[in-house]
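# Overview (structure and organization)
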Amino acid sequence: MYMKIYGYCRISDVSQNENRQLDAMAKLKIPQTRIYVDKQSGKDFIRPAWQAMVKKLEAGDMLYVGSIDRLGRSYADILDWWRILTKEKGVDIVVMDMPLLDTRKGRDLLGTLIADLVISLFGYVAEKERTDIRTRQRAGINAAKARGVHLGRPIKRPPEDFAAVVKQWEQGKIPFDDALVQTGLKRATFYNRLREMRVEKKK
């Protein structure tokens, strides 16, 4: 018998719904007082519910998690916490949608090795996927630049009477704020377009 059974749920933001995870926990008859829910990104483990739960966990306790990605996005962090909970604190972990990640089944060396290998494999695959995405993004950006495609926000073009408005401003006929209103440009954009106009005139 386990001393106490806990459940951990996480959703990325308040717009998502944790009911599916909570329903799965309810079927396991986990007391509501021992189900911890975080409503924030999985980028790290600095989460109030997670931190509070970890303080409660003791050797011989059981922790249920719906899926491995509910623990977090960083598999390096997941590996660290898996080691802390299972090896240092003596807690069993069950990842409900992945039978291989069930430390109850592998208290011997082989079972522990299998769980550690599965976690490590997921970490490798996730990191490789992130690296591949960044590589494809860089390749796409470089290809777009080579074709002369502008990336980022669209360039705010000045109105057709920009030169006339600039002339009025330079002659002191209108204040700078009026020049901004007439051109519909912000200060930094106004000066950028002015600089481009002057460079173009020198050609």
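Read on for an overview of the structure. Not measured: the values here are computed from a predicted model. Residue numbers run consecutively from 1 along every chain, following the written order of its sequence. Thresholds applied to this predicted model are a pLDDT of at least 70 for local features of residues and 80 or more for the giving and counting of side-chain atom pairs; totals over whole chains, interfaces and linings are not thresholded and use all residues. Processing note: side-chain calculations cover all non-hydrogen atoms of the structure and skip hydrogens and water entirely.

The next point concerns the environment of Q51. Helix and strand definitions follow DSSP, with helices as H or I runs of at least four residues and strands as E runs of at least two, each counted in order from the N terminus. Note that Q51 resides in helix α2 (residues 48–56). Spatially, the C-alpha atoms of Q51 and Y36 are 9.7 Å apart, while their sequence positions differ by 15 residues. Contacts are assigned to residue pairs that have any heavy atoms within 4.5 Å of one another. Setting aside residues no more than four positions away along its own chain, Q51 makes contact with F45 and I46.

To form a nonpolar core, buried Ala, Val, Leu, Ile, Met, Phe, Trp, Tyr and Cys residues must be joined to one another through side-chain atoms within 4.5 Å. Relative accessible area decides the class of each residue, using a 1.4 Å probe on protein chains only: under 20% of the type maximum gives buried, over 50% gives exposed, and in between gives partly exposed. The biggest cluster of nonpolar side chains holds 24 residues, and the ones touching the most others in it are Y8, W50, M53, L63, I68, L71 and L85. No other element matches the five residues that helix α4 (residues 75–88) contributes to this core. Not counting residues within four places of it along the chain, the set of residues in contact with Y8 comprises M25, Y36, D38, R47, W50, M53, L63, Y64, V65, G66, R70 and L71. If you look at the next biggest cluster of nonpolar residues, it comprises eleven residues, including F162, V165, A179 and M197.

Here we take up the packing of helix α6 (residues 162–170) against helix α8 (residues 187–202). In contact at an axis separation of 11 Å, α6 and α8 are set at 100 degrees when each is read in the N-to-C sense. Viewed along their axes, α6 and α8 adopt a mutual orientation that is roughly perpendicular. Residues F162, A163, V166, W169 and E170 of α6 touch α8, and the partners they reach there are F190, Y191, R193, L194, M197 and R198. Gly is placed with the polar residues, together with every amino acid not listed as nonpolar (Ala, Val, Leu, Ile, Met, Phe, Trp, Tyr, Cys and Pro) or charged (Asp, Glu, Lys and Arg). Here the residues of the contact of α6 with α8 sort into eight nonpolar, no polar and three charged. For helices, the axis comes from a line fit to the C-alpha atoms of the stretch in contact; other axes are also lines fit to C-alpha atoms, and the angle between any two N-to-C directions lies between 0 and 180 degrees. Here the angle decides the label: under 35 degrees means roughly parallel, over 145 means roughly antiparallel, 65 to 115 means roughly perpendicular, and every other value means oblique.

Reading across the sheet, the four strands line up as β2-β1-β3-β4 and stay open at both edges, with parallel pairing between neighbours. Looking at which strands have only one partner, the edges of the open sheet turn out to be β2 (35–39) and β4 (92–95). Looking at each pair of strands side by side, their axes are set apart by 20 degrees on average, direction ignored. When DSSP finds at least two bridges between two strands, those strands are taken to pair. Relative to β2, strand β1 (residues 5–11) is paired through five bridges, and the arrangement is parallel.

A separate point is the packing of aromatic side chains. Note on aromatic contacts: the rings of Phe and Tyr and the six-membered ring of Trp form a pair at centre separations within 6.5 Å, being stacked when their planes are under 30 degrees apart, edge-to-face when over 60 apart, and tilted otherwise. Going through the model one piece at a time under the given rule, you end up with twelve aromatic pairs. Judged by centre distance (5.8 Å) and plane angle (35 degrees), the ring pair of F45 and W81 falls under tilted. Remark: W81 occurs in helix α4 and F45 occurs in the loop between β2 and α2; sequence separation between them is 36 residues. For the pair formed by F45 and W81, the shared burial category is buried. On the basis of an interplanar angle of 50 degrees and a centroid distance of 5.4 Å, the ring pair of W169 and F176 is categorised as tilted. Two limits define a charge over a ring: the Lys NZ or Arg CZ must be within 6 Å of the ring centre, and within 35 degrees of the ring normal. Positioned above the aromatic ring of F45, the side-chain terminus of R47 is 4.4 Å from the ring centre.

Right, let's talk about unusual backbone geometry for a bit. One non-glycine residue, K29, lies in the positive phi region at around 60 degrees. Accessibility expressed as a relative area gives 72% for K29, which makes it exposed.

Keep in mind these numbers describe shape, not what the thing actually does.
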